[in-house]
Amino acid sequence: MTPTRRNRNGVRPLLGGLAIAVTLLCGTSYAHGQKATERYIPIGQSPGLSGKYTSIGLITEVNARAHTITIADPAGARTVKITDKTHIWLDRSKLKRSNVSGPFTDLQKGRRVEVKYADPERRQIAEWVKVEIVQP
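Asks: Quick question: what am I supposed to make of the overall build of the protein here?
Replies: Each helix and strand in the protein was counted, giving 1 helix and 7 strands. For the protein, the sequential pattern of α-helices and β-strands runs α-β-β-β-β-β-β-β. Per-residue burial for the protein yields a buried fraction of 30% across its 136 residues. The long-range share in the protein, meaning contacts at least 24 apart out of those at least 6 apart in sequence, stands at 54%. Carbon and sulfur atoms provide 56% of the accessible area of the protein, an area that totals close to 9200 Å².

Asks: What's the story with the nonpolar core in this structure? I'm lost.
Replies: Nonpolar side chains tend to gather and get buried jointly when the protein is soluble and globular. The biggest cluster of nonpolar side chains holds 16 residues, and the ones touching the most others in it are Ile69, Ile82, Leu107, Val115, Val129 and Val131. Setting aside residues no more than four positions away along its own chain, Ile69 makes contact with Ile59, Glu61, Val62, Arg78, Thr79, Val80, Ile82, Phe104, Leu107 and Val115.

Asks: Would you take a moment to explain the pairing of strand S7 (residues 126-132) for this structure?
Replies: Along any regular strand, the residues point their side chains to alternate faces of the sheet. The buried fraction of S7 is high, at 6 of 7 residues. The sheet contact formed by strand S4 (residues 87-91) and S7 spans 5 bridges and is parallel. Pairing of Leu90 across the sheet is with Val131, part of S7. Relative to S7, strand S6 (residues 112-117) is paired through 5 bridges, and the arrangement is antiparallel. The residue bridging Tyr117 from the neighbouring strand is Ala126, located in S7.

Asks: Just checking my understanding: could you explain the sheet that holds strand S2 (residues 68-73) for this structure?
Replies: Whenever strands of a sheet pair, they do so through backbone hydrogen bonds, lying parallel or antiparallel. A sheet is described by the order of its strands in space; here 7 strands give the open sequence S3-S2-S1-S6-S7-S4-S5, paired in mixed fashion. Since the sheet does not close on itself, it has two edges, and those belong to strand S3 (76-81) and strand S5 (100-101), each with one partner. Where strand S1 (residues 54-63) meets S6, 5 bridges bridge the pair, whose relative direction is antiparallel. By the bridge assignment for S6, Thr54 is matched with Lys116.

Asks: Which parts of the structure should I look at to understand the side chain of Thr70?
Replies: For Thr70, the position within the fold is in strand S2. Side-chain polar atoms of Thr70 contact the side chain of Thr79, separated by 2.9 Å. Discounting residues that sit within four places of it in the chain, Thr70 has contacts with Leu58, Ile59, Thr60, Glu61, Ala77, Arg78 and Thr79.

Asks: Honestly, the confidence of the model for the protein in this entry has me stumped. Any pointers?
Replies: Interpretation of this model should avoid reading the predicted coordinates in detail wherever pLDDT is low. In the predicted model, the protein carries a mean pLDDT of 83, and the fraction of residues at 70 or more is 74%. Long-range and interchain partners of residues 27-33, a stretch whose pLDDT sits below 50, account for 1 contact in this model, where long-range means more than four residues apart.

Asks: What should I look at first to understand the environment of Val100 in this one?
Replies: Mapped onto the elements, Val100 comes out in strand S5. Taking the relative accessible area as the measure of exposure, Val100 reaches 27% and is therefore partly exposed. As a C-alpha pair, Val100 and Trp89 span 11 residues in sequence and 5.6 Å in three-dimensional space. Other than its neighbours up to four places away in sequence, Val100 contacts Arg39, Ile88, Trp89, Leu90 and Arg92.

Calculation rules
Residues numbered from 1 in each chain as written. Predicted model: local features only at pLDDT ≥ 70, side-chain atom pairs only at ≥ 80, totals over all residues. Heavy atoms only, no water. Helix = DSSP H or I, 4+ residues; strand = E, 2+ residues; numbered from the N terminus. Buried < 20%, exposed > 50% of the residue type's maximum accessible area, 1.4 Å probe, protein only. Contact = heavy atoms within 4.5 Å. Areas by Shrake-Rupley, 256 points an atom, 1.4 Å probe, with all protein chains shown as cover. Core = buried A, V, L, I, M, F, W, Y, C linked by side-chain atoms within 4.5 Å. Pairing = 2+ DSSP bridges. Polar contact = N/O pair within 3.5 Å; in protein donor to acceptor, adjacent residues only side chain to side chain. pLDDT = per-residue confidence, 0-100.

The structure is reproduced here in structure tokens:
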């Protein structure tokens, strides 16, 4: 029987490569899994996102022509572009109902929203918006 080759740290190269692959795969599946289920997570409860890569506040202005909303959050007012790629989800968790997709018209002044930005640095275009629905 031939001895198993090991690198100078005593680790088998094949196992090291396998460990890296598993780590990358697990990290990717978590992110993909969260992305697929994000619509079902209530406002402010997205692990690793809420408050860090998102803004939570009230809609203070809606410009249907420009397809923008302005939200007031603790950092101040921010105008955000809603594109054809932006997902709009109605957070109906306070009504004990499941969340559903909604149209731009559900973005109404006075409603509480959470916005995740397509580019977290620039914070100009929304990747998704969750709108809190508190009345049926």
